[in-house]
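Secondary and tertiary structure notes
What follows is each chain in one-letter form.
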Amino acid sequence: MHVSKDKTGLYGLMAEFDSAQSIVDASIKAVDAGYSKLEAYTPFPIEELNDIIHKKRTNLPKLVLFMAFCGMMTGFTLQYWASVIEYPMNIGGRPPATWPAFIIPSYELTILFSALTAAIGMIALNGLPQPYHPVFNVDRFSLASSDKFFLVIEAEDAHFAKEQTSSFLQGLGAKGVYDVAE
Amino acid sequence: MAQHVHAQQSATTLEHPVIGPGQDYESITEAVSEIPLGKRYPFGWIIGLLIGLAGLGALQLAIGYLLLKGIYIWGNNVPVGWAFDIINFVWWIGIGHAGTLISAILMLFKQQWRMSIARFAEAMTIFAVACAAMFPLLHTGRPWLAAYWLFPYPNTMGLWPQFRSPLIWDVFAVSTYATVSVVFWIVGLIPDLATMRDRATSNVKRMVFGTLALGWRGSARHWHRYEVASLILAGLSTPLVLSVHSVVSFDFAVSVIPGWHATIFPPYFVAGAIYSGFGMVLTLAIPIRAYYKLEHLITMKHIDNMAKVMLATGLIVAYGYAMEAFFGWYSANQYERFMLWNRMTGPYAWSYWLLIFINAVLIHVLWFKSVRYNLKYMFVLSLIVNLAMWLERFVIIVTSLHRDFVVSSWDMYSPTAWDFMMFGGTMGLFITLFFLFMKFVPMISIFEVRTLLPEAKVHVPHGHDTHGSGH
């Protein structure tokens with residue numbers, strides 16, 4: 001169902017809320033009304049919002065687990081190669097492949113690889129660094145990192161129609177509805 | 001209004017909340033962000049920074065002369081080959097443990113009080129590890145050659161490090177710890193840097209904070225990945241923080257020196273590290289909260305909890321001393337028994353008994369609430385604890401080494417002025433970094449403290465929360 005859209009140069013509509021509960025309620029109603037291309041912006045994490053809006057959890061933990069395994073193998077093979085193959089040293093008649101001694105560096109590299117993956121993976125999956133984003137065009141949006149809560153319905157959404165969507169957002173109890181320039 | 005007060009009370013602890021009354025999102029944000037964004041450079045801050053810079057100058061001088069002359073300018077001698085350099089290394093690394101403990105272990109245990117002290121405890125960790133790393137590096141005498149002694153990289157000499165040595169394990173443990181601590185700290189800063197960006201009034205600050213914030217928008221998807229990443233980092237840092245001081249203790253425990261060769265070392269070192277780390281957090285937190293008027297964010301509840309952690313870990317350390325003495329006697333080994341006797345009655349007995357007095361006797365004052373809630377006592381006690389933990393490493397290292405197996409090789413150890421200058425210099429480095437951090441970085445995690453407010457809790461009706469059970 002395509003309704004007439006006047007979305008030239010319009011990224012979407014942004015509604016401002018002033019409490020955590022009101023943006024959660026508004027998101028639920030917007031999702032129930034059939035909107036799918038929407039996003040909530042909050043000054044602190046509200047885990048429920050991701051479940052309401054995106055209904056999908058991140059793959060980051062799997063990526064971290066995989067890299068943890070890579071880190072462990074890197075640590076172990078590095079030590080095995082250096083101490084057994086490339087540069088074997090006879091220390092008090094001990095065998096070159098003293099694997100218990102290799103546990104600690106392998107363990108440290110496991111943690112190093114997975115911690116770096118968790119941090120860099122989070123930043124990369126979030127698409128950061130991203131210097132420009134349309135939401136920053138709204139002046140009030142600077143409060144999204146202090147004490148205000150914003151819900152944006154994108155113009156791309158199949159149900160988006162500027163007038164109707166605007167009054168829909170007003171009806172959710174928004175303190176203000178703003179155009180987001182592209 | 002009555003409902004509001006009731007909600008706030010149940011959200012925190014009844015008598016002593018983790019956040020002061022009457023706060024809202026804006027007041028928290030303002031209290032923390034005005035320090036880096038304000039144009040004021042308070043007089044006290046300038047004096048503190050100058051003291052730090054003076055120490056930093058002394059450090060540069062000490063290092064310059066050391067590189068010129070070699071490590072003979074230190075007091076290290078033949079039986080006491082490891083002295084101030086390793087004492088100070090272990091002391092600083094130990095202090096560094098509180099930051100990760102607060103931000104990782106207490107996060108996993110959902111201890112909300114950690115939120116307002118985590119940021120600067122982590123900063124303390126990073127700076128303390130930086131100070132610590134200097135000592136073993138400079139003890140090599142030629143730190144520019146340390147690259148191939150310490151790190152496995154293909155070099156033209158075809159040499160590889162000895163992976164069976166605890167000293168190499170230590171390199172891996174400490175460098176991983178430093179890296180992960182920095183990463184954890186930076187990840188924690190991103191949302192607050194976005195707050196700084198959005199509130200900055202000067203263009204330069206907006207540009208700098210804007211660049212560092214990476215374009216953070218705080219969208220639901222951002223926050224979801226962010227929370228998952230934080231939880232993973234906390235899960236990874238927890239075994240890491242316990243392993244670091246264990247590995248440091250292997251430097252001693254894997255050797256055959258009486259007084260070092262003990263299986264109790266890893267847990268006893270970890271407990272000591274947390275004990276001294278909380279001592280340092282208190283030393284820093286008590287003046288900061290008063291000077292920057294942050295009493296509503298770092299409350300008496302925080303001081304009380306930190307005092308309790310200190311009491312618990314201090315008692316573990318005291319148990320460690322008791323077991324060390326018991327094992328020495330029970331081993332029936334003449335060298336172990338002599339080492340203990342020498343510690344208790346030898347020329348350095350004063351350091352042993354002072355240590356025992358502080359960590360096994362004086363620490364019991366923390367059982368009393370009147371002490372835990374008295375800032376003056378707590379500040380003085382935190383300084384005493386730092387001193388005691390330095391003495392502990394002095395006792396372990398010097399008294400074990402100075403009278404070893406062969407009587408003819410016995411000698412006394414005394415540090416030189418260069419030793420003290422180097423140690424004082426690292427304190428200068430620490431103070432400099434910490435004062436710069438206080439002025440230019442939001443020192444309390446603003447977004448996390450916002451979640452402590454009762455209005456930050458949301459309720460999702462049934463049937464909508466399809467995936468998110470148990471949040």
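Residues numbered from 1 in each chain as written. Chains lettered and ligands numbered in written order. Predicted model: local features only at pLDDT ≥ 70, side-chain atom pairs only at ≥ 80, totals over all residues. Heavy atoms only, no water.

**What to know about the overall build of chain B**
For chain B, the count of helices and strands is 17 helices and zero strands. Relative to the compact-globule value of 23 Å for 471 residues, chain B shows a C-alpha radius of gyration of 24 Å, a close match. Along the first, second and third principal axes, the C-alpha set of chain B runs to 80 × 55 × 50 Å. When contacts within chain B are restricted to residue pairs at least 6 apart in sequence, long-range pairs at least 24 apart make up 81% of them. A total accessible area of about 19100 Å² is found for chain B, and carbon and sulfur atoms account for 70% of it. (Helix = DSSP H or I, 4+ residues; strand = E, 2+ residues; numbered from the N terminus. Rg over C-alpha atoms; globule rule 2.2 N^0.38 Å. Contact = heavy atoms within 4.5 Å. Areas by Shrake-Rupley, 256 points an atom, 1.4 Å probe, with all protein chains shown as cover.)

**Some points on the packing of helix H5 (residues 115-139) of chain B against helix H7 (residues 166-199) of chain B**
Helices that pack against each other are described as a pair by the angle of their axes relative to one another and the distance between those axes. Residue and element names in this part refer to chain B. Put simply, H5 and H7 touch, their axes get as near as 10 Å, and they point 150° apart. Judged by the twist between their axes, the crossing of H5 over H7 is left-handed. In this structure, H5 contributes Arg119, Glu122, Ala123, Thr125, Ile126 and Val129 to the contact, and H7 contributes Val174, Tyr177, Ala178, Ser181, Val182, Phe184, Trp185, Gly188, Leu189 and Asp192. Its residues assigned to classes, the contact of H5 with H7 shows 10 nonpolar, three polar and three charged. (Axes fitted to C-alpha atoms, helices over the stretch in contact; angles between N-to-C directions. Left-handed = near helix turned anticlockwise from the far one by under 90°. Nonpolar A, V, L, I, M, F, W, Y, C, P; charged D, E, K, R; others polar.)

**Let's talk about the interface of chain B and chain A**
Many structure descriptions define interface size as the accessible area lost when the parts assemble. At the interface, 64 residues of chain B touch 70 residues of chain A. Counting across the interface, chain B meets chain A through 25 residue pairs in polar contact (both at pLDDT 80 or more). Elements represented by at least two residues in the side of chain B that touches chain A include exactly helix H2 (25-37), H7, helix H9 (220-253) and helix H17 (446-450) of chain B. Per-element tally for the side of chain B that touches chain A: the top contributor is H9 of chain B, with 18 residues. Grouping the amino acids of the side of chain B that touches chain A by side-chain chemistry returns 32 nonpolar, 19 polar and 13 charged. (Polar contact = N/O pair within 3.5 Å; in protein donor to acceptor, adjacent residues only side chain to side chain.)

**With respect to the packing of helix H10 (residues 265-291) of chain B against helix H16 (residues 417-440) of chain B**
All names here are of chain B. Where H10 meets H16, the closest approach of the two axes is 14 Å, and the angle between their N-to-C directions is 45°. Considering the angle they form, H10 stands oblique to H16. In this structure, H10 meets H16 at a crossing whose hand is right-handed. The residues of H16 that touch H10, namely those facing Met280, Leu284 and Ile288, are Phe430, Phe434 and Met438. Looking at the contact of H10 with H16 residue by residue, the classes come out as six nonpolar, no polar and no charged. (Parallel < 35°, antiparallel > 145°, perpendicular 65-115°, else oblique.)

**Observations concerning the packing of aromatic side chains**
Residue and element names in this part refer to chain B. If you walk through the whole model with that rule in mind, you get 53 aromatic pairs over all chains. Centre to centre, the rings of tryptophan 45 and phenylalanine 440 are 6.3 Å apart; their planes meet at 80°, and the pair counts as edge-to-face. Within this pair, whereas tryptophan 45 is found in helix H3 (residues 43-69), its partner phenylalanine 440 is found in helix H16, the two being separated by 395 residues in sequence. Taking the relative accessible area as the measure of exposure, phenylalanine 440 reaches 38% and is therefore partly exposed. Positioned above the aromatic ring of tyrosine 41 is the side chain of lysine 439, whose terminal nitrogen or guanidinium carbon lies 4.9 Å from the ring centre. (Phe/Tyr/Trp six-rings, centres within 6.5 Å; stacked < 30°, edge-to-face > 60°. Buried < 20%, exposed > 50% of the residue type's maximum accessible area, 1.4 Å probe, protein only. Lys NZ or Arg CZ within 6 Å of the ring centre and 35° of its normal.)

**Some thoughts on the confidence of the model for chain A**
If pLDDT is low for a region, its predicted coordinates should not be looked at in detail. Put simply, chain A has an average pLDDT of 86, and 96% of its residues get 70 or more. Note that pLDDT drops below 50 for residues 1-5 of chain A; the model gives that stretch 10 contacts with residues more than four away or on any other chain. (pLDDT = per-residue confidence, 0-100.)

**Notes on the environment of serine 408 of chain B**
Residue and element names in this part refer to chain B. Here serine 408 shows up in the loop between helix H15 (375-402) and H16. The exposed category is assigned to serine 408, whose relative accessible area is 69%. Distance from serine 408 to leucine 366, taken between C-alpha atoms, is 45 Å for residues 42 residues apart in sequence.

**Overview of the pattern of salt bridges**
All names here are of chain B. Inspection of every chain in the model, using the stated rule, returns 13 salt bridges over all chains. Put simply, aspartate 304 and lysine 308 hold a salt bridge, and the shortest N to O gap is 3.3 Å. Of this pair, aspartate 304 and lysine 308 both sit in helix H11 (residues 300-330), four residues apart, which is roughly one turn of the helix. (Salt bridge = Lys/Arg side-chain N within 4 Å of Asp/Glu carboxyl O.)

**Some remarks on helix H12 (residues 334-345) of chain B**
The periodicity of an α-helix, 3.6 residues per turn, causes residues three or four positions apart to be oriented the same way. Residue and element names in this part refer to chain B. With 12 residues, H12 extends 16 Å from end C-alpha to end C-alpha; this agrees with the ideal 16 Å at 1.5 Å per step. If you check which residues of H12 are buried, you get Glu336, Met339, Leu340, Asn342 and Arg343. Viewed end-on, H12 has its buried residues packed into an arc of 160°, placing them on one side of the element. Of the exposed residues in H12, those oriented more than 90 degrees away from the buried face are Gln334 and Trp341. Elements in contact with the buried residues of H12: H11, helix H13 (349-361) and H15. You can read the cap of H12 off the contacts: a side-chain oxygen lies 2.7 Å from the backbone nitrogen of tyrosine 335, and it is on asparagine 333. (Expected span 1.5 Å × (residues − 1). Arc of directions from axis to C-beta.)

**A word on the nonpolar core**
Judged by nonpolar contacts, the single largest core of 202 residues is most densely connected at Trp92, Phe434 and Phe437 of chain B. Both domain 1 (10-57 + 134-181) and domain 2 (60-125) of chain A contribute no fewer than three residues apiece to this core. Once residues lying within four places of it in the same chain are set aside, the contact partners of phenylalanine 434 of chain B are Phe120, Ala123, Met124, Phe127, Leu284 and Ile288 of chain B. Core analysis: the next-biggest nonpolar cluster, separate from the first, contains 10 residues, Val138, Ala144, Phe150 and Val180 of chain A among them. (Core = buried A, V, L, I, M, F, W, Y, C linked by side-chain atoms within 4.5 Å. Domains from an automatic or database assignment.)

**Quick notes on the environment of alanine 181 of chain A**
All names here are of chain A. Along the chain, alanine 181 falls in strand E4 (residues 176-181). Residues alanine 181 and tryptophan 81 lie 100 residues apart in sequence; the distance between their C-alpha atoms is 58 Å. Excluding anything up to four places from it in sequence, alanine 181 contacts Gly9, Tyr11, Tyr132, Pro134 and Asn137.

**As for the pairing of strand E1 (residues 10-17) of chain A**
Residue and element names in this part refer to chain A. Taking burial as the measure, the eight residues of E1 include eight buried ones, the bulk of the element. Here E1 pairs with E4 via six bridges, running antiparallel. The partner of glycine 12 across the bridge, within E4, is valine 180. Pairing geometry for E1 and strand E3 (residues 149-154), over six bridges, is antiparallel. Bridge pairing in E3 places glycine 12 opposite glutamate 154. (Pairing = 2+ DSSP bridges.)

**Thoughts on the sheet that holds strand E2 (residues 38-41) of chain A**
Residue and element names in this part refer to chain A. Read across the sheet, four strands follow the order E2-E3-E1-E4 without closing on themselves; strand pairing throughout is antiparallel. The sheet is open, and its two edges are formed by E2 and E4, each paired on a single side. The sheet shows a mean angle of 25° between the axes of neighbouring strands, direction not considered.

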